[in-house]
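# Coordinate analysis (summary)
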Amino acid sequence: MRLSQLFTRTRKDHPADEAAKNAQLLIRAGFVHKEMAGVYSYLPLGLKVLNNISQIIREEMNAIGGQEILMPALQIKERYETTNRWDDKIVDNWFKTKLSNGSELGLGFSHEENLVPIVKNYINSYKDLPFAPYQIQTKFRNELRSKSGLMRGREFLMKDMYSFALTQQQHNGFYDQAQKAYRRIYDRVGIGDRTFMTFASGGSFSKFSHEFQTLSDAGEDTIYLSRAKNIAINKEVLTDEVLVEVGVSQADLEEVKGIETGNIFSLGTKFSGPFDLAVDDEAGNKQTVLMGCYGIGVSRVMGTVAELLSDDRGLVWPASIAPAKVYLARLGNIPSVVSAADELYEELTKLNIEVIYDDRDMRPGEKFADADLLGIPYRVVISEKTVRAGTFELKARTAKEAELLPKEELIKTLVS
Ligand code: ATP
Ligand code: MG
């Protein structure tokens, strides 16, 4: 991608109507555009990051047998009456709308009521279980406050997976696999070291749910953490009894703030019951299907990474989700510099290395500031000086010093 062609621009000033650091940085870098509190447009570079995160999640869901689907935002009222979730007193963050004939619809905040009736059409025997559809889809929630940028949207991207199992043992087996897949996702997006699986409230069907809490002072949740034992407990369930059950004492725990970037939940028959989703077991008896749900806030993860891995110069993307791997800054436009830069751009592109090519007519300082603000993992500089010396200047986003390298070594580093 040539920066001279990109329609977005960076900006130096802080957006006045945005309090959250993640959104301030993403707006300044031109990754997102704020429409209103909790509602953002994703621009070319921001969409790349969002898609990269989605793709990692997709790969890990597919690896445990997930089957990707896409359900609608528009939701049928009667389905939610079946589970008693239509009433605004029970679900307080609904966005609702109407057809022209007056019948009411909702905008989906979660999709159990959409999926269970679908599944009911296709299964009738224990042999059909287990399986787990998932989607990466826009959710609508009329959140009371939306001041945390991408971390609390009123319209946001979520991955939601739902598992269907015959027995508790079958359910537990999948639940365990999902936990492991979640760990791999957090590692791959670059926040694994600060994300802890956390005991949280489980609703009426299981004692606990498991939240994935990413430590941050910007987090809204209070959790109690033992790093030594790798155990975390959400404040909402912390009791003496729970401490004994999970095997820690209060003295082992530090109080920290966390961002709930994901959670997994055993649903039991909470949704399969009302819709009478049941199959014949081996003995020919009807068994109500056991469900689980597994959510990750895709856009919340993006906001979290922006918030936590940034520095005073801007964003710092892990290579796995960065909009490009290399920021190629061409300084000046004498023919030898232009041809050296064009050549490297083409070469790297052929090697499938994504490059943001700063071919604009701008001062070096401005280009370096943009490279830092955009948070691209590697910056390569080509100038009259480097061309004359037959080298390329390479600097990792997080490194203090740049180094001068011949082309083969440069490419070797960038390929690895
Ligand atoms: P929270 O307690 O933060 O409101 P939740 O318990 O309502 O989250 P779920 O309904 O389980 O969350 O949704 C699954 C995941 O979706 C959450 O773990 C979180 O990562 C993400 N998520 C939830 N609400 C939002 C939101 N308003 N904006 C962005 N991501 C969200
Ligand atoms: Mg919520």
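Throughout what follows, the structure given in this document is the object of discussion. (Residues numbered from 1 in each chain as written. Chains lettered and ligands numbered in written order. Predicted model: local features only at pLDDT ≥ 70, side-chain atom pairs only at ≥ 80, totals over all residues. Heavy atoms only, no water.)

## What to know about the packing of aromatic side chains
- Here the structure, examined in full by the defined rule, presents 13 aromatic pairs.
- By way of ring pairs, the aromatic residues Tyr 80, Trp 86, Trp 94 and Phe 109 are connected into one cluster.
- Here Lys 96 stacks its cationic end above the ring of Trp 86, 4.1 Å away from the centre of that ring.
- Looking at Arg 379, its charged tip hangs above the ring of Phe 368, at a distance of 4.1 Å from the centre. (Phe/Tyr/Trp six-rings, centres within 6.5 Å; stacked < 30°, edge-to-face > 60°. Lys NZ or Arg CZ within 6 Å of the ring centre and 35° of its normal.)

## A word on empty space enclosed by the protein
- Per the stated rule, a full pass over the model turns up 2 cavities of 30 Å³ or more.
- Considering only enclosed or pocket space, the largest cavity measures out at about 60 Å³ in volume.
- Lining the largest cavity are Leu 3, Leu 6, Thr 8, Arg 9, Thr 10, Ala 29, Leu 45, Tyr 327, Arg 360, Asp 370 and Leu 374.
- Its residues assigned to classes, the lining of the largest cavity comprises 6 nonpolar, 2 polar and 3 charged.
- Two domains each put at least three residues into the lining of the largest cavity: domain 1 (3-311) and domain 2 (326-415). (1 Å grid on protein atoms, 1.4 Å probe; cavity = no way out; pocket = protein on both sides within 12 Å on 5 of 7 lines; lining within 4 Å. Points joined across faces, edges and corners; volume = space filled by probe spheres on them. Nonpolar A, V, L, I, M, F, W, Y, C, P; charged D, E, K, R; others polar. Domains from an automatic or database assignment.)

## Quick word on the site of ligand 1
- Neighbouring residues of ligand 1: 13 residues in total, closest Arg 141, Glu 143, Arg 152, Glu 260 and Asn 263.
- One nitrogen or oxygen atom from the side chain of Glu 260 is found 2.6 Å from an oxygen atom belonging to ligand 1.
- When ligand 1 sits alone it has 580 Å² of accessible area, and the protein chains cover 80% of it.
- The cavity that encloses ligand 1 is the largest pocket.
- Residue assignment for the shell around ligand 1 shows that the elements contributing at least two residues are β8 (155-165) and β13 (254-268).
- Looking at the shell around ligand 1 residue by residue, the classes come out as 3 nonpolar, 5 polar and 5 charged. (Near = heavy atom within 4 Å. Polar contact = N/O pair within 3.5 Å; in protein donor to acceptor, adjacent residues only side chain to side chain. Areas by Shrake-Rupley, 256 points an atom, 1.4 Å probe, with all protein chains shown as cover. Sits in = over half its atoms within 2 Å of the grid points. Helix = DSSP H or I, 4+ residues; strand = E, 2+ residues; numbered from the N terminus.)

## Regarding the layout of surface pockets
- Taken as a whole, the largest pocket holds about 1,300 Å³ of empty space.
- For the lining of the largest pocket, the secondary-structure elements that each account for two or more residues are β8, β10 (208-215), β13 and β16 (290-297).
- The biggest single contributor to the lining of the largest pocket is β13, with 8 residues.
- When its residues are assigned to classes, the lining of the largest pocket shows 15 nonpolar, 17 polar and 16 charged.

## Some remarks on helix α7 (residues 298-308)
- Within α7, 11 of the 11 residues are buried, leaving the element largely enclosed by the surrounding structure.
- Inspection of α7 places Val 298, Ser 299, Arg 300, Val 301, Met 302, Gly 303, Thr 304, Val 305, Ala 306, Glu 307 and Leu 308 among the buried residues, and these make up the whole buried set. (Buried < 20%, exposed > 50% of the residue type's maximum accessible area, 1.4 Å probe, protein only.)

## Observations regarding the packing of helix α2 (residues 44-63) against α7
- The N-to-C vectors of α2 and α7 enclose an angle of 115°; their axes lie 10 Å apart at closest approach. Considering only the axes of α2 and α7, their crossing is right-handed. Across the interface between the two elements, Gly 46, Val 49, Leu 50, Ile 53, Ser 54 and Ile 57 from α2 touch Val 298, Ser 299, Val 301 and Met 302 from α7.
- Of the residues contributing to the contact of α2 with α7, the split by class is 7 nonpolar, 3 polar and no charged. (Axes fitted to C-alpha atoms, helices over the stretch in contact; angles between N-to-C directions. Left-handed = near helix turned anticlockwise from the far one by under 90°. Contact = heavy atoms within 4.5 Å.)

## A few points about the side chain of Thr 391
- By the element assignment, Thr 391 lies in the loop between α10 (384-389) and β20 (392-396).
- Thr 391 has contacts with Thr 386, Leu 404 and Leu 405, leaving out every residue within four places of it along the chain.

## So, the pairing of strand β17 (residues 326-330)
- The buried fraction of β17 amounts to 5 of the 5 residues, a majority that puts the element mostly inside the structure.
- Both faces of β17 are covered, namely the face carrying Val 326, Leu 328 and Arg 330 and the face carrying Tyr 327 and Ala 329.
- Note: β17 against strand β18 (residues 355-358), 4 bridges, orientation parallel. Pairing of Leu 328 across the sheet is with Tyr 357, part of β18.
- For the crossover from β17 across helix α8 (residues 335-350) to β18, the handedness is right-handed.
- Where β17 and strand β19 (residues 378-382) come together, 5 bridges link them in parallel fashion. Residue Ala 329 lies in a different strand from β19, and its bridge partner there is Val 381. (Pairing = 2+ DSSP bridges. Right-handed = clockwise from strand over helix to strand, strands pointing away.)

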